[in-house]
Amino acid sequence: MTTVLPKRVAVIGAGAAGLVAARELRREGHEVVVFERGNKVGGTWVYDPTTESDPLGIDPARTVVHSSLYASLRTNLPREVMGFREYPFVAKNGAHRDPRRFPGHGEVLEYLNDYTTKFGLGELVRFGAEVRRVGLEGGKCKVRSTACGEPLDEVYDAVVVCNGHYTEPRIAEIPGLETWPGRQIHSHNYRVPEPFRDQVVILIGSSASAVDICRDIAGVAKEVHIASRSVTEGTMGKLPGHDNMWLHSMIESAHGDGNVVFRDGSAICADVILHCTGYKYHFAFLDVNDIVTVDDNRVGPLYKQVFPPLLAPLLSFVGLPWKVGPFPLCELQSKWIAGVLSGRVSLPSSDEMMADIEAFYRTLDASGIPKHYTHNVGDSQFEYNDWLATECGCPLSEEWRKQMYSETNKNRKVRPETYRDEWDDELLVAQAHEDFFNCSS
Ligand code: FAD
């Protein structure tokens, strides 16, 4: 018989990752404290209309706003795929509810609030409590937090880091930008299009946010020029369906007279540069003798994106992978951590974990994948999720979920303007609902 050893565990953050970690840890019998520096659960999904004192988000002394949501944001995944495996994200009736398959951000927050209530997680969260330091002490973790300015030091058997990774902006390096006289902002501080009315805007990037924001702004701006790394000869020029939006190659240089020159030789005199250039992993509170570091946006070394071999299972990370469906992935990572902490699931030796990580890095190198793509689990996410599921002894990913994820990607390419309202995967939706019904009955 397996001996289950309950641990006292600190979870940092009460976003989707921290909530599911708290649920899985408590389910396994652990004692859980969730530290949340904000005053609500939901993390990214708590829309904040205010922006930071530094619109580029790079001044370390700026007032930090956690969420990067903009007012018009709708999910880029259908709710069936997006939701946790054990708490489906189904449409609900109610005055504040949004029943669409790709709902607005407020509906995701409602869903996370429902999840919190359903599993009684609110009582585990210390709101307004910011973790300032996680150190090591006698085989345990020493956690320093502050609440209302009061510092508190406590010792925990383990710490699960769930602090999110869409708050610290990454900025494009462009020669001459320091002399360019226009306004610059990172998408982290973009909320509504109005400040861009009648302006000439250059938007850098081609991520999901970039695609949404350029369309948002085009409704009021004079011109929108998108500088994209992934542009090809045939796609450059005016975008079909828009009379004020152009696609360009990357920016070559910016100049003191307001001109911005693109690599294709064209030049635009712009009012604003909007950097939709992504985010950096950031763990200002980690003080673990450099056993885990962030190098060129690689957090490592981490076994299977979760455990640093030399500190496992004392320290773990939930939700680092990107280009994935984060909720179900975080759910499986959390089950794994909870099982490992109680001794029900075992880990390889630290040498074996390190060898696995080194082999993983070699595979990335051999495929020409840069270091900063280490956590882009994208194409292998279901393989990864199934590996976790097998470790935890729970069912593999649902077939409809895998197919729906890939159909959504295809639909997004074919119908970039309307994929959230037009689709052809009704059959998969029916299968998902059948599954949800069976799991609730
Ligand atoms: P977060 O939601 O960021 O939560 C982290 C929490 O940790 C926050 O509450 C924060 O206050 C707290 N915290 C941080 N540091 C500390 C500290 N030191 N002490 C105490 N508390 C701390 N995902 C989808 O599935 N579908 C989508 O359509 C989608 N769209 C997105 C659009 C945008 C613009 C962005 C930025 C992300 C989107 N995502 C989407 C991904 C999204 O990040 C995840 O869905 C999910 O919110 C990640 O949850 P998390 O708990 O890891 O991080």
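The present account deals with the structure reproduced in this document. As the structure is a computational prediction, the values presented were derived from the model and not from experiment.

In this section: the sheet that holds strand β16 (residues 267-269). Read from one edge to the other, the open sheet built from 3 strands follows the order β14-β15-β16, with strand pairing classed as antiparallel. Each edge of the open sheet carries a strand with a single partner, namely β14 (251-254) and β16. Strand-to-strand twist of the sheet, defined as the mean angle between neighbouring strand axes without regard to direction, takes the value 20°. In this sheet, β16 lies alongside strand β15 (residues 259-262) in antiparallel orientation, the contact comprising 3 bridges. When the sheet's bridge partners are listed, V260 is paired in β16 with I268.

This next bit is on the sheet that holds strand β12 (residues 237-238). The strand order β9-β17-β10-β11-β13-β12 describes an open sheet built from 6 strands, whose pairing is mixed. A strand with exactly one partner marks an edge of an open sheet, and here the two such strands are β9 (183-186) and β12. As paired elements, strand β11 (residues 223-227) and strand β13 (residues 245-248) share 4 bridges and run parallel to each other. The residue of β13 that forms the bridge with H225 is W246.

What surrounds the ligand is a group of 31 residues, the closest being A17, E36, T44, H66 and N76. Between a nitrogen atom of the ligand and a main-chain N or O atom of R37, the distance comes to 3.1 Å. At 2.9 Å from an oxygen atom of the ligand is found a side-chain nitrogen or oxygen belonging to W45. Contact with the protein chains removes 93% of the 990 Å² of surface that the ligand exposes when unbound. Secondary structure elements with two or more residues in the shell around the ligand: α1 (16-27), β2 (31-36), β4 (129-137) and α5 (326-342). Counting residues per element, the shell around the ligand draws most heavily on β4, which supplies 3 residues. By residue class, the composition of the shell around the ligand is 16 nonpolar, 12 polar and 3 charged.

Definitions and cut-offs
Residues numbered from 1 in each chain as written. Predicted model: local features only at pLDDT ≥ 70, side-chain atom pairs only at ≥ 80, totals over all residues. Heavy atoms only, no water. Pairing = 2+ DSSP bridges. Helix = DSSP H or I, 4+ residues; strand = E, 2+ residues; numbered from the N terminus. Axes fitted to C-alpha atoms, helices over the stretch in contact; angles between N-to-C directions. Near = heavy atom within 4 Å. Polar contact = N/O pair within 3.5 Å; in protein donor to acceptor, adjacent residues only side chain to side chain. Areas by Shrake-Rupley, 256 points an atom, 1.4 Å probe, with all protein chains shown as cover. Nonpolar A, V, L, I, M, F, W, Y, C, P; charged D, E, K, R; others polar.

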